Amino acid sequence: MSDYQTFTADDAKHFALSHADAFRDNDQLEAEEFGDGNLNLVFRVKNQQGRSLIVKQALPYARCVGESWPLTIDRARIEAEVLLRHGRLCPEHTVKVLHYDAALAAILMEDLGQLEILRSALVAGKQFPLLANQMAQYLAQTLFHTSDFVLNGLQKKAEVARFLNPELCLITEDLFFTDPYCNHERNNIHQAILPQARELWHDEALQAEVARLKADFLSKPQALLHGDVHSGSIFVSAKQCKVIDAEFGFYGPIGFDVGSLLGNLLLSYAGQFGLQEDTAAREQQQAYLLEQIETLWLNFASTFNQLMQTQTKESSFANSNYQSFFLQQVLADSIGYAGCELIRRTVGLAHVADLEQIRHEPQRARCERFALALGRQLIMQRQSLSTIAQLTTLVRHLPLP
Ligand code: SR1
Ligand code: MG
């Protein structure tokens, strides 16, 4: 295969057959396109013995909007290369890439269909006791080993250049940090919360803090981020957890990845007020989510700390006072980015099922107001919340508006 063409199901079969050891020439393959994400085509290709693989192809535009929003297909390279790097650093929790074709912007990867998408599972009220531990390992290993603690200046700059990813970063810059704070046509605001959305457009104190977080997103290349660690990018089961969809990867602030995940766990917390009618069951699910948030940060910080103490290669960064300062700032950044995620998923372009699936509209509006109020508090108070327990206490005490 050579020049780019948009795959049909037959093309996906041919691509999988050409590059997968799992399939034989005389296999009768089936392929179906089942992608429901915002950007790409995703095919499951299966043989008669039930072995299956995934073929993902970048379209030259954003799928959720259409051809009027052109988008580079180089994002497939970014995705494949980030997943390969992260896969070397944390194979247990990164989807396995089997082949990448630059011209076709297509990736062949393992099928995780035996696991569930975390977001859907949380909406259904499920719990995964190992989730926070596993994600803490993924984040600590991938972020530490791609940071200045390990890479020297020459290596780091070459990596930063390789993963500039300007078009996908621009999407985040706009959707996370710009649109929700003005009357932008891309925003998607339910009528009932229009007054609260309008407050965001005039809240200069909040906008100043969001500007600081955006400036860091633009100019703090601390590590090779996944760049989109929301609960739709994580497959889970009782035992396993694997991260997919790294096309937004770039060198950015470590707190952006950690905070995106914290923000998604908090979106699930907010949605529970409207999804779960039984009070005891709702409280139990929310307690689980807060416990996972605490475990996620504590395990991330302890693993990252251990790595800083034992595997730092740059002598300037071996100073333990510097290391404590560094982690404290990552916590503040993470809390701020979690706040931005709560706000942009409530009033911005890309919403989440955690809130959208609440059928009773007045109740959904209350959950959305909660998400906005919590997001604001996290952004404004991120420097004074010096422990994760202070964050969970704030969440527990925030009233449902
Ligand atoms: C147009 S893309 C919208 C969102 O989907 C992706 O998964 C990212 O989160 C992005 O912000
Ligand atoms: Mg995605």
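Residues numbered from 1 in each chain as written. Chains lettered and ligands numbered in written order. Predicted model: local features only at pLDDT ≥ 70, side-chain atom pairs only at ≥ 80, totals over all residues.

1. Considering the sheet that holds strand E2 (residues 40-46)
Item 1. The strand order E1-E2-E3-E7-E6 describes an open sheet built from five strands, whose pairing is antiparallel. The open sheet has two edge strands with one neighbour each: strand E1 (30-33) and strand E6 (97-101). Each neighbouring strand pair of the sheet contributes to a mean axis angle of 20°, computed without reference to strand direction.
Item 2. As paired elements, E1 and E2 share four bridges and run antiparallel to each other. Residue pairing in the sheet places Glu30 in a bridge with Lys46 of E2.
Item 3. Where helix H2 (residues 75-89) meets the sheet, its contacts fall on strand E3 (52-58), E6 and strand E7 (106-110), and the angle it forms with E6 comes to roughly 150°. (Pairing = 2+ DSSP bridges. Helix = DSSP H or I, 4+ residues; strand = E, 2+ residues; numbered from the N terminus. Axes fitted to C-alpha atoms, helices over the stretch in contact; angles between N-to-C directions. Contact = placed C-beta atoms within 7 Å.)

2. Considerations on the domain arrangement of the chain
It is common to report an interface's size as the accessible area lost on association of the parts.
Item 1. Domain annotation of the chain identifies domain 1 (9-110) and domain 2 (116-397).
Item 2. Each of domain 1 and domain 2 has a C-alpha centre, and the two are 26 Å apart.
Item 3. Residue-level contacts link 15 residues of domain 1 with 21 residues of domain 2.
Item 4. Partitioning the side of domain 1 that touches domain 2 into residue classes produces seven nonpolar, five polar and three charged. (Domains from an automatic or database assignment. Nonpolar A, V, L, I, M, F, W, Y, C, P; charged D, E, K, R; others polar.)

3. With respect to the UniProt feature "binding site: substrate" (unreviewed entry) in the chain
Item 1. As recorded in UniProt, the sites labelled "binding site: substrate" (unreviewed entry) are Asp228 and Arg344. Taking the farthest pair of C-alpha atoms as the criterion, the annotated set spanning 117 residues converges on one region, since that pair is 13.2 Å apart.
Item 2. Inspection of the secondary structure assignment puts Asp228 in the loop between strand E9 (223-225) and strand E10 (234-236).
Item 3. Not counting the four nearest positions on each side in its chain, Asp228 is found in contact with Ser233, Asp245, Phe248 and Ser260.
Item 4. Along the chain, the position of Arg344 falls in helix H11 (residues 320-347).
Item 5. Setting aside residues up to four positions removed in sequence, Arg344 forms contacts with Leu175, Phe176 and Pro180. (UniProt positions renumbered as here; feature names shortened; annotations may be inferred.)

4. A few points about the site of ligand 1
Item 1. Close to ligand 1 lie Asn38, Leu39, Ala62, Cys64, Ile171, Thr172, Leu175, Asp228, His230 and Ala350.
Item 2. In terms of residue count, the dominant contributor to the shell around ligand 1 is helix H6 (residues 166-178) (three residues).
Item 3. Residues of the shell around ligand 1, tallied by class, amount to six nonpolar, three polar and one charged.
Item 4. There are two domains that each give the shell around ligand 1 at least three residues, and those are domain 1 (9-110) and domain 2 (116-397). (Near = placed C-beta within 6 Å.)

5. Thoughts on the sheet that holds strand E8 (residues 116-117)
Within a sheet, adjacent strands bond to each other through the backbone by hydrogen bonds, running parallel or antiparallel.
Item 1. Strand order in this open sheet of three strands is E8-E10-E11, and the pairing throughout is antiparallel. The outermost strands of the open sheet, each flanked by one partner alone, are E8 and strand E11 (241-243).
Item 2. Bridge count for E8 against E10 is two bridges, and the pairing is antiparallel. Bridging across to E10, Ile117 finds its partner in Phe235.

6. Digging into the pairing of strand E5 (residues 66-70)
Item 1. E5 sits mainly on the outside: zero of its five residues count as buried.
Item 2. In the sheet, strand E4 (residues 61-62) pairs with E5 via two bridges, with the strands oriented antiparallel. Bridging from a neighbouring strand, Tyr61 pairs with Pro70 of E5.
Item 3. Counted along the chain from E4 to the antiparallel partner E5, the turn is three residues long. (Buried ≥ 20, exposed ≤ 12 C-beta atoms within 10 Å, placed from the backbone.)

7. Quick word on unusual backbone geometry
Item 1. Not every positive phi belongs to a glycine, and Ala105 is a case in point at roughly 50°.
Item 2. Located in the positive-phi region is Asp245, a residue other than glycine, with phi close to 60°.
Item 3. In this fold, Asp245 is placed in the loop between E11 and strand E12 (250-252).

8. Regarding the packing of helix H9 (residues 254-275) against helix H10 (residues 279-311)
Item 1. Direction vectors running N to C along H9 and H10 enclose 170°, while the axes themselves pass 9 Å from each other. One way to sum up the angle between H9 and H10 is to call them roughly antiparallel. On H10, the residues that touch Val258, Leu261, Leu262, Leu265, Ser268, Tyr269, Gln272 and Phe273 of H9 are Arg282, Gln285, Gln286, Leu289, Gln292, Ile293, Leu296 and Phe300.
Item 2. In terms of residue class, the contact of H9 with H10 is built from 10 nonpolar, five polar and one charged. (Parallel < 35°, antiparallel > 145°, perpendicular 65-115°, else oblique.)

9. A short note on the UniProt feature "binding site: ATP" (unreviewed entry) in the chain
Item 1. Under the present numbering, the feature "binding site: ATP" (unreviewed entry) in UniProt falls on Asn40, Lys56, Glu110, Asp111, Leu112, Asp245, Ala246 and Glu247.
Item 2. Residues contacting Leu112, with those up to four places away along its chain left out, are Val95, Phe235, Lys242 and Ile244.
Item 3. Here Ala246 shows up in the loop between E11 and E12.
Item 4. Excluding residues that lie within four positions of it along the chain, Ala246 makes contacts with Glu79, Val82, Leu83, His86, His226 and Gly227.

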